[in-house]
Each structure stands twice: as structure tokens, then as C-alpha cells.
Amino acid sequence: MSRPPLAALLLLAAVTAAPHSARAEKQRRCGWYHNPGPGNVLLVDADDDWWISRQGSAPAEGFEDAYSPAFDDRARYDHAGVLITDGASYGYSCACADGRFGPPGSGQVIAIDRLVERPLAACKTDPALPPP
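**Focus: the sheet that holds strand β4 (residues 91-101)**
In step 1: Strand order in the open sheet made by the five strands is β3-β2-β1-β4-β5, with antiparallel pairing throughout. The sheet is open, and its two edges are formed by β3 (49-53) and β5 (109-118), each paired on a single side. Strand-to-strand, the axes of this sheet are offset by a mean angle of 40°, without reference to chain direction.
In step 2: Direction of pairing for strand β1 (residues 26-37) relative to β4: antiparallel, over a ladder of 10 bridges. By the bridge assignment, Asn35 is partnered in β4 with Gly91.

Structure below.
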């Protein structure tokens, strides 16, 4: 019985390994949690703008379960840095998201497992974060 050429073996190894390497590992990303308008939610960290939900599209898997109405009670600020007190849902705060994300530069959020608010000072004093 003849052996397959080395190139064929390498191709087979690459094809069978691809699905495993493409699977994103769970990560914690922390940064500015923005809600710029209805249906739009993103987390901005040092690596990227991670879109959790975009108006007119399905949100990232698990977002509805990870998001709780209690998160709406967080302190939110408008883009001038003024505390929002009128009950509007837009604005930004500081948070961490646990989940699976695409590679930096993709902005892809595959799934969200948990959202946790952080003190605003944690984001304001993080030199790696852009301004909100």
C-alpha cells in the first residue's frame, strides 16, 4: 500500500484542525459600555469596538440572558460627561463582558455570558482605553 504524499497529509491536518482553532475561547473584556441609541450596544476596550447588539440585527448570543434590568440602573453619562438623570437608556458607563469574541480588529462578539458594571474611575484611569 502506498503512502499519501506529504502535502496531502499536511492539507488533511490543516482541514481537520481548522474548526478547533477557529473556536474562540472565553475572555473577559473591560472598557466603555456604550448604548448610543435603541438596539445599539457596544463595549470599547483597548483592542476594538465590540458590537454586542446593532439595531435591526440579532444581538450576540446570550446577550438577553446576560443583560438584566438592574444594569439599567447604572450611572450613565452623555458624551459631554454629564450624568443622565432623565431615565433615558442611552449613554455610557464602565463594564466588563465575559464571553467569546472574534479576533481584535473584527469587532465580532460571538456570545456574551455575563455583564458586570465597574466604577467609572476604572475606565477613566485606564491608560489603554480611548476616551468614551
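**A short note on the state of the cysteines**
In step 1: Under the definition given, this model contains two disulfides.
In step 2: Disulfide partner of Cys30: Cys96, at an S-S distance of 1.9 Å. Taking the sign of the S-S torsion, about 105° here, the bridge from Cys30 to Cys96 comes out right-handed. Linking Cys30 in strand β1 with Cys96 in strand β4, this pair joins segments that are 66 residues apart in sequence.
In step 3: Cys96 sits in the buried class, given a relative accessible area of 4%.
In step 4: What pairs with Cys94 in a disulfide is Cys123, and their sulfur atoms sit 2.0 Å apart. The sign of the S-S torsion, about 80°, decides the handedness of the disulfide formed by Cys94 and Cys123: right-handed. Taken together, the residues Cys94 in strand β4 and Cys123 in helix α3 (residues 120-124) connect sequence positions 29 residues apart.

**Let's talk about the nonpolar core**
In step 1: Core analysis: the largest hydrophobic core is formed by 14 residues, its most contacted members being Tyr33, Ile52, Val109, Ile112 and Leu115.
In step 2: Mapped by element, the contributors of at least two residues to this core are β2 (40-44), β3, α2 (63-66), β4 and β5.
In step 3: Among the nonpolar cores identified, the runner-up in size contains eight residues, and Trp32, Leu120, Cys123 and Leu129 belong to it.

Conventions we followed
- Residues numbered from 1 in each chain as written.
- Predicted model: local features only at pLDDT ≥ 70, side-chain atom pairs only at ≥ 80, totals over all residues.
- Heavy atoms only, no water.
- Pairing = 2+ DSSP bridges.
- Helix = DSSP H or I, 4+ residues; strand = E, 2+ residues; numbered from the N terminus.
- Axes fitted to C-alpha atoms, helices over the stretch in contact; angles between N-to-C directions.
- Disulfide = S-S within 2.5 Å.
- Buried < 20%, exposed > 50% of the residue type's maximum accessible area, 1.4 Å probe, protein only.
- Core = buried A, V, L, I, M, F, W, Y, C linked by side-chain atoms within 4.5 Å.

That's the geometry; what it means functionally is another story.
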